[in-house]
Each structure stands twice: as C-alpha cells, then as structure tokens.
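# Structural characterization, general
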Amino acid sequence: MSESSLEGWLEYFGFSDPYTNQDDVIESIIKTAEDRGYLAMEGPCGTGKTMASLTAASYLIRETDQFNNAVVVTPVKQQRQQFVEDLRTINTGLEEPLDGVALVGKRDLCPYGREDVFPAGSSVQDRCEDLRENTAELVAEDSELETERQFVTEEGQAPPSQTPGEEKWWDTAKARNLVETARRDPIDEDTEPLHTAGQTSPFPRSQPATTPEMTQSRQLYCPFEAEWYAHDKGSPVTFSADENHVVTAEEFLPESVNTGICPHRAMMVLLENADIVIGNYNHLFDAASRKIVDPILDENTLVIIDEAHRMEERVRDLLTDTIGYSTVKRAERDLGVLLERSRQADKNEQAIERWLAQHDVPLEAVETAKQFYSDVMEWLEERVDAELRDEVDGYGTGLTWNSIPERDFEVQLREPKKPETDEFTRWAEQNDYAGDTLRTLSKVGLAVEDALEQIGNERDCVCTAIGALFGQWWERDHTNYFREIELEYSEKDLQDIEKPWQNYYNASLVMYNCMPSQKIKDILGEFGGGVLMSATLEPLSIFEEVTGLERLATDDEEPRIVSSQTYDLTFPEENRASWIVDVEAFKKRNRGNPSIDNRNKTRERYAYVAREIAISQGNILLAWPNYSEAEWAANRLREDIDKPVLLDQSSSHEETRELKREFVHGEPKVLVTSTRGTLTEGVDYEGDELHTCAVFGIPLVNIGSPRVQAVEHAYGHQFGEENAFTYALTIPAVRQVRQALGRVIRGPEERGVRIVVGERFVPRALHSVYDYFPKNEREELIQMKPDFLESQFKQFWEES
Ligand code: SF4
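Everything numeric here is computed off the predicted structure, so don't read it as measured data. (Residues numbered from 1 in each chain as written. Predicted model: local features only at pLDDT ≥ 70, side-chain atom pairs only at ≥ 80, totals over all residues.)

### Brief notes about the overall build of the chain
Where we set the bar: Numbering of helices and strands starts at the N terminus; helices are DSSP runs of H or I of at least 4 residues and strands are runs of E of at least 2. Only C-alpha atoms enter the radius of gyration; for comparison, a globular chain is expected to reach 2.2 Å times N to the power 0.38, where N is the number of residues. Each residue is classified by how many other C-beta atoms fall within 10 Å of its C-beta atom, where C-beta atoms are placed from the backbone; a count of 20 or more means buried, 12 or fewer means exposed, and values in between mean partly exposed. We call two residues in contact when the distance between their C-beta atoms, placed using the backbone, is within 7 Å.
Helix and strand counts for the chain come out as 32 helices and 21 strands. Compactness check: the chain gives a C-alpha radius of gyration of 30 Å against a globular reference of 28 Å for 800 residues, within 12% of the reference. Buried positions account for 43% of the 800 residues belonging to the chain. Residue pairs at least 24 apart in sequence account for 76% of intrachain contacts in the chain once pairs closer than 6 positions are excluded.

### Structural notes on helix α15 (residues 325–344)
Applied cut-off: Expected helix span is taken as 1.5 Å per residue step, with the number of steps being one fewer than the number of residues. Working definition: the arc comes from the directions between the helix axis and the C-beta atoms, pointing outward to the latter.
In this model α15 runs 29 Å from its N-terminal to its C-terminal C-alpha over 20 residues, within 8% of the 28 Å that 1.5 Å per residue would give. Every buried residue belonging to α15 is among Val328, Ala331, Glu332, Asp334, Leu335, Leu338 and Ser342, and all of these are buried. Looking straight down α15, one finds that the buried residues subtend no more than 145° of arc, so they occupy a single side. Residues of α15 that are exposed and point over 90 degrees away from its buried face: Ser326, Glu340, Arg343 and Gln344.

### As for the sheet that holds strand β8 (residues 301–305)
Threshold: At least two DSSP bridges between two strands are required for those strands to pair. Note on method: axes are straight lines fitted to C-alpha atoms, helices fitted across the in-contact stretch only, with angles between N-to-C directions ranging 0 to 180 degrees.
Read from one edge of the open sheet, 8 strands run β6-β3-β7-β2-β8-β13-β1-β14, paired in parallel fashion. Where the open sheet ends on each side, the last strands, each with one partner, are β6 (246–247) and β14 (562–566). Here 2 bridges tie strand β3 (residues 100–102) to β6, and the two strands are oriented parallel to one another. Within β6, the position partnered with Val101 by the bridge is Val247. Contacting β2 (69–73), β7 (276–279), β8 and β13 (529–534), helix α3 (residues 49–63) runs over the sheet at an angle of about 175° to β8.

### Some points on the domain arrangement of the chain
Interface size is commonly expressed as the accessible surface area that is lost when the partners come together. What counts is decided by this rule: Reported domain spans reflect what an automatic or database domain assignment gives.
We note that the domain assignment places domain 1 (3–98 + 518–566), domain 2 (106–274), domain 3 (321–514) and domain 4 (573–798) within the chain. For domain 2 and domain 3, the distance between their C-alpha centroids amounts to 37 Å.

### Comments concerning the packing of helix α8 (residues 172–182) against helix α9 (residues 223–230)
Counted only if it meets this: Should the near helix be turned counterclockwise from the far one by less than a right angle, the crossing is left-handed, whereas a clockwise turn marks it as right-handed. Residues are grouped as follows: Ala, Val, Leu, Ile, Met, Phe, Trp, Tyr, Cys and Pro are nonpolar; Asp, Glu, Lys and Arg are charged; all remaining types, including Gly, are polar.
Following both chains from N to C, one finds α8 and α9 inclined at 145°, their axes separated by 8 Å at the closest point. In this structure, α8 crosses over α9, and the sense of that crossing is left-handed. Facing α8, whose interface residues are Thr172, Ala175, Arg176, Leu178, Val179 and Ala182, α9 presents Pro223, Ala226, Glu227, Tyr229 and Ala230. Partitioned by chemical class, the residues of the contact of α8 with α9 number 8 nonpolar, 1 polar and 2 charged.

### Points about the site of the ligand
Note the cut-off: We call a residue near a molecule or strand when its C-beta atom, built from the backbone, sits within 6 Å of it.
Lys106, Cys110, Pro111, Tyr112, Cys128, Leu131, Arg132, Cys222, Phe224, Glu225, Cys262 and His264 make up every residue found near the ligand. If you list the elements that add at least two residues to the shell around the ligand, you get α6 (111–114), α7 (124–139) and α9. The biggest single contributor to the shell around the ligand is α7, with 3 residues. Broken down by class, the residue content of the shell around the ligand amounts to 8 nonpolar, 1 polar and 3 charged.

### Section: the nonpolar core
Just so we agree on the cut-off: By definition, a nonpolar core groups buried Ala, Val, Leu, Ile, Met, Phe, Trp, Tyr and Cys residues that connect through C-beta atoms lying within 7 Å of each other.
Residues Leu270, Leu622, Val672 and Val695 are the most contacted members of the largest nonpolar core, which totals 209 residues. Setting aside residues no more than four positions away along its own chain, Val695 makes contact with Ala623, Thr675, Val737, Ala740, Leu741, Val756 and Val757.

### Description of the environment of Leu138
Among the structural elements, Leu138 can be located in helix α7. For Leu138, a count of 25 C-beta atoms within 10 Å corresponds to the buried category. Considering only alpha carbons, one finds Leu138 and Arg343, 205 residues apart in sequence, at a separation of 34 Å. In contact with Leu138, not counting residues within four places along its chain, are Ser143, Leu145, Lys174, Leu178, Thr210, Gln219 and Tyr221.

### Some words on the sheet that holds strand β17 (residues 645–647)
The strand order β17-β18-β16-β19-β20-β15-β21 describes an open sheet built from 7 strands, whose pairing is parallel. Of all the strands in the sheet, the pair left with one neighbour each is β17 and β21 (781–784). Averaged over all neighbouring strand pairs, the angle between strand axes comes to 20°, with direction disregarded. Taken together, the 6 bridges between strand β15 (residues 576–581) and strand β20 (residues 752–757) define a ladder with parallel strand orientation.

### Regarding the environment of Val101
Mapped onto the secondary structure, Val101 falls in strand β3. Exposure remark for Val101: the 31 C-beta atoms within 10 Å place this residue in the buried category. Along the chain, Val101 and Val84 lie 17 residues apart, while their C-alpha atoms are 8.1 Å from each other.

### A closer look at the confidence of the model for the chain
Under the convention used in this document: Confidence scores here are pLDDT values: one per residue, from the predictor, ranging 0 to 100.
Scored by pLDDT, the chain has a mean of 92; 95% of the residues are at 70 or more. Within the model, the stretch residues 155–159 combines pLDDT values under 50 with 10 contacts to residues more than four positions away or in other chains.

### A look at the pairing of β20
Of all 6 residues in β20, 6 are buried; the element is thus mostly enclosed. Of the two faces of β20, the one lined by Gly752, Arg754 and Val756 and the one lined by Val753, Ile755 and Val757 are each fully buried. As judged from the 5 bridges shared by strand β19 (residues 692–696) and β20, these two strands associate in the parallel manner. Paired with Thr692 across the strands is Val753, a residue of β20.

### Considering the packing of helix α2 (residues 22–34) against α3
Threshold: Working rule for angles: under 35 degrees goes down as roughly parallel, over 145 as roughly antiparallel, 65 to 115 as roughly perpendicular, anything else as oblique.
Remark: α2 packs on α3, axes separated minimally by 9 Å, with the N-to-C direction vectors making an angle of 40°. It follows from the interaxial angle that α2 and α3 lie oblique. Regarding α2 and α3, the two cross each other, and that crossing is right-handed. Between α2, through Gln22, Val25, Ile26, Ile29, Ile30 and Ala33, and α3, the contact on the second element is made entirely by Lys49, Ala52, Ser53, Thr55, Ala56, Tyr59 and Leu60. Here the contact of α2 with α3 is composed, by residue class, of 9 nonpolar, 3 polar and 1 charged.

### Comments concerning the pairing of β15
Of the pairings in the sheet, the one linking β15 to β21 comprises 4 bridges and is parallel in character. Bridging from a neighbouring strand, Ser578 pairs with Leu781 of β21.

### Regarding unusual backbone geometry
Glu538 connects to Pro539 through a cis peptide bond whose omega is -5°. Mapped onto the elements of the fold, Pro539 is located in the loop between β13 and α23 (540–546). In this model, Arg36 sits at a positive phi of 60°, which is unusual for a non-glycine residue. In this structure, Arg36 sits in the loop between α2 and β1 (38–42). Phi at Asp232 takes a positive value of approximately 55°, unusual for a residue other than glycine. Along the chain, the position of Asp232 falls in the loop between α9 and β6.

### With respect to helix α10 (residues 249–259)
Within an α-helix, residues lying three or four positions from one another point in the same direction, as the helix has 3.6 residues per turn. If you check which residues of α10 are buried, you get Phe252, Leu253, Ser256 and Val257. Each buried residue of α10 lies within a common arc of 130° when the element is viewed along its axis, so the set occupies one face. Residues of α10 that are buried in the fold lie against α5 (106–109), α6, β4 (193–196), β5 (199–204), β6 and α11 (263–273). One or two residues past the end of α10 sits Gly260, with phi positive at roughly 80°.

As structure tokens, this is what we get:
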C-alpha cells in the first residue's frame, strides 16, 4: 500500500477515527481493486464494512483513473438504507460530494401503478411498455402527430441521458405538445388530479389519448414519459434533491410527480450520472433488471457485493427458468392467430408466406410449432394428473377439494442424482420433436411476431421468448440444469372436472439452475474489481470455489487477483460467552415427529436444554432447524415455564416485524423460531433487546427435495463427490447458524450468550461441523453438558 493512498482515503472516511480493523479493510479493498482484483472479506458486526467499502470506493473513483463509478448490491433493505446513510455521512465532509442514487423497481415508482388506476388485470410492467411504445411512436420526428403550436424546450436542466452517439430521432416540440394536451386545467373540478407520494401531478388520473386533431386514430400515451422526451431524455430532478446528494425514492419520486416527469426515467437519468449506485442482486445478476444499470457498467466499475453469503443461492434462483402452462397456451394462440389469418384468403397466405420468408421460416414450420405447443400442453396436463393421482388420496374422485394439499409440489422429470435425459425431452424425441424443432422455435416465434405486426395485429406475443426457452431446454446440459414440473398452489374459481389440478395449481416446466459459479465468474469478470463481504463467509476457500472466484483467479485468458481476509469480532471478549451444549444429535431418526405427545428420549433431552436456556436472564431467542420443530419447542416450553413464549411462523413481513416489536418490549420473553427464518438474519436486536441466542441442530434445507439432491449431485461433479454434501448443504447451514448467533452482540457495550446445541457442533464428533467455524470463533467455544447450563448462566450474568 502506497503512502499516498493511505493518506488519500482518510479524506473520504465519514468519521473521525476508524474502528479497529476498519483501516485495514479500506486499504485491502483499495489495494486489491488497484490490481483489478476481488477481495472476499468476512467481518463481523462492528467491523464497519459499509463505511469501509464506501470509503474505498470514493477514493478509487476520485483519486485514481481506474474507476468511474461503483455499484453496490445488497439483498437486505435495511442494509441498502445503511449504504445510503453512510454515503451521506461521507458527503457531509466533502466539498464536492459524490453523487449517489438508490434504485427502486418500476412498480413502486409509476404514479399510475401506485394509485392502481390502470385497467384491472393489466400489470404495471406490461401497461407501461405499451404506453411507452405509443409515446415513442407519437414523438418520433416522422410521426403523424400534428404540432400546430410551437413548443420550446426548457433550458438549464440536468444533463440529458441521451445515449452517447445516439442520433436524435424524436421531436421535442411534439413531446411538449403531448404534455400540454394532457395537463389538467387546475380550475376544472370535474377532472380529478393524480395524487401520489404526497404530491399532485399536473395530469389527471386517467391516461390521456390523442384527439382527432392530433392523429387520425386515437392513441393512448403516457404524459410523464412525454415529459422525459420534452427534456431531451433528461430530467429536472437532480442530485440536489437531497442535501447530501444521495437520492432515494423518498426524494426523487415526489419531485418527479410534482414536475410531471416519469419517476422511473428520472431515476435512470440520475443513475447514468451517479458516482455510486445502490441496488440489489437483480441489478447485477438478473438479465431483465440488469438492462437498467447496463449503460453505466464496464471495466471501470467497482463492485461491492454485500451479504455475499447469500449470493450463491440467490443467483441460482435468478438463473432458473420457468415455462408456465398458461404461457405455452399463449404462444400456441400467437401462432394460431397468424395461421387462421393465412387461411382466410389466398392473398393473405401469400403475403404471410412472404413476411415469414424474410426470416427464412416456411409456413409449415409455424404449423409444426403450433402443434408442438398444443402437444406440450396435453403432455403437461396428463403428466400432472398422473402425478397427483399417485400422490394425493382421493384426487380425481369427486372429493378432490377435500384432499388437495395446500402446498407446492415438485415433480421430478429425471432422477436428481442421475444426469440423464429428462422425461419431457424423451417424450419430445419420441414424438418427432427433436433438436431441429426445439432449436428453431424462437426463430419461428420472431417471424410470427413480425408477420402479426405487419397485418396490424397488436397481440402481446410470447412466442419468441417461449421458443428460446424450449431451445435452451434442448441445449442445456443435465448436470447443471435440473428439469422438473413445478406446481404452485393457487386455488381458483374454476371447477374443471376433467383436469381438477387446474383448479388448484399453476403448472410450469422448470430448468432449475444447480451451479451458479460460472455465471458469477463471468459477471464479475466484466468489471474492474471489487469486494464481496459478509459477517459469515468462512470457510473462505470454499466460498471462492462455489462462487466462481477461484475460476476467475485461474482463468486462462485473463486471470484476476482474488484475495481473502477474515476479521475477528473486536468487542470486549469478557462481554460474551460461547457454548457448545453436548447432547445427542437432533436427527430425524432420533427425534421422531414434532408432536407434543412424542416424549422420546431425544425430545425430552432437548426440551430440558431448551427450558434451562429459556429461563435464563433476559430475552432469549431459540432457533430450531425448521418451523415445525419451533412450534413443538414453543408448545413444550409453554407447559414448562412461566416466562412468556412467542412463536414465529412463516408469515408476512409486517407480522414478523410486529412479533419482533412484541419480543423486545416489556418483560423478558422467549422467542422461538426457525434458524432459516427471517428473525435470525438481517435483523438488529440492539442494546438490551437480546441476551441469549441458542441454535438447536444443523438447519439443513429439505434434503428430500429433488432439486436439492440435484444441486448436491452437480456439486459432486464439479467439486468432488467427497465435498458434495458439505459444500452444497452443510456449509450454507453453518453460515445460517452463525448469522443467528451474530444477533446477540451488536455493539461494544452489549453482553450476551451464544449457544449451539447438539453433538454435531462438538469437535471430532461424527459428522462434526466444528471445523467450518472460523478459528477465532472455535477458540471461544466452550463445550459443556446440559446440567452445567444453570451454573454457567449464573456465573456469566453475576460477573456483569
Ligand atoms: S412511463 Fe413512467 S409514468 Fe408512464 S406508465 Fe411507465 S412507469 Fe408509469
């Protein structure tokens, strides 16, 4: 580390003195990024990771030529806010602040969508796309829109977002004409104005349309979008909307509504001019959301990935593709509409054949594709029907409504541990729909969409996108993508006797991604460097393997520097106790069903341990491997202790927040939950809100799930059979345990006890997970039998 950078970053640090380790974190990020590398960093609460990463980013953007901007992604809302606040703090000390923006989805921004004024059944996304398309057609220089009046563009606004090199194809005066036509006359009491985000927009609640004087046919458009064109794709909303130059929807949404510009466009203009952009994982790893940030991402971008222990699972979900039964039906209809039209008259057929020929697609290919989609639906209907007849008693007997389980189903289409051709592909091959058909479906779809447009049909087509997914179904390998049918429980008003499952489930063909490492590696390889951080990344060498960082470091063409660093908890050691309670493993085989009447030896032992911990001083969080076990434990404790016992179950965000509020207020209580739930991660229990957290057993995901088994198999293939279970299941579960334990001590003054319960936490025990804890945590863990809990608690709290 050069002296200059060491001195240089201090100017950007938001506080007077860094915490212990924080200066080292900042310098490690700077040093790694200057070498175009990535730092994987574990740092517990108190390391000041947010401020450290922003300080390093600010220094790299301002003081080096290597970085133009930084993008921060975090899956936790509360963390996003923390980045906003820390960047604001940095800016208070800077003469020239760094411009920052926090991204929000279109659904939360669109004034019409927010007020639910779009026609029933149309999604904000689809309706917006239609309105944007119409508006673009109307403002185009060569559109038929008449502009009698002369409208002038306002001067002195924020820089436009016009893509560099983009030729101006719109007419600003036409855009202003649309805006002025839509403006509501303030004294017109009959037209209700559109209010949202505490502001009144210049436009009425209904979306305006062109008048006969403007266009021959009436066209709906979006005046907020037109205002964006009227500003030459710029916006009057600037970073000064926030006094510290870090704008969130709280600032830019009301200002956009007030001035009548699309808030989503205003956000994009800010984004294109920002130094630091704060978003979520989708903005990096999901193809659709990525489009929003793409204009600013390149090899001069620094990437900050927060809560990186979640990245593997989250990216796996984002890379999973689904083809819904109802979407196949729509694709079949797209093709059907064109074929019907061609049959209506010879001249239609000839014209359609000509349009299709431009894509090198014969009419027969459209007929084949339509038949394919129709056969796919039939296959899906029969396959789901057969599965439910096998799985659900009484299904299809007329008593279906009594027996349908209210849960989702996975129907595996191959053995999860045998990467052979799946059932659907085999069916397709047997029915002459091999690769030649599946690979061409997207080309056929595109030709059909084009032809439909030519004949003036305004269908919202899906046949190109669905065709591409079937092409991938054929092409993708079977180890990394596991094929299955997903049945999502969603009861409907239908009463279809023939196919009763349709009354209860939405069915989809799913290509489940088992191995996200290659994709993560490719994406990180596009940028200039960065940091991946979390309080629980250990063991770091395994983290590097499963997330593709290792491959990035050993890339044949352009190997990148990858370094790693773990920081210890810096708060006073005497303020905490860490115990392993040595009781037999809490395995399914030992414990049996989580029923209150089950008093077997294992359950009695665990009930005793839970009671000893629950009655100790203060607020106690007890985390069990799943919600059913949590319910059992809460019921047992209510029988045994006087302290109030709260039970957390899978519920809405608001209900969970309310439960947490109840827990931390008033007399001491016990809160029982699942270790995989939402109260054990990303939730702060500050000061005296939590005294002890105990985790019972290893919270493995459902290992009976076919997709979990497929992931395990893929990991075995990639990282060695002997590592498969550990990498895919055990290590994520241990990170979850450590997240829960991390709730107890959140500040230097806090005191508390962290406990893991069960033989598998004991060093050298059979299938022990002890070694997956970082060294410093292992050194603090004290092993004891349950009978010592009472005296150990007494001793710990009496010392305070
Ligand atoms: S362009 Fe903006 S304001 Fe108009 S519909 Fe879309 S999101 Fe809403």
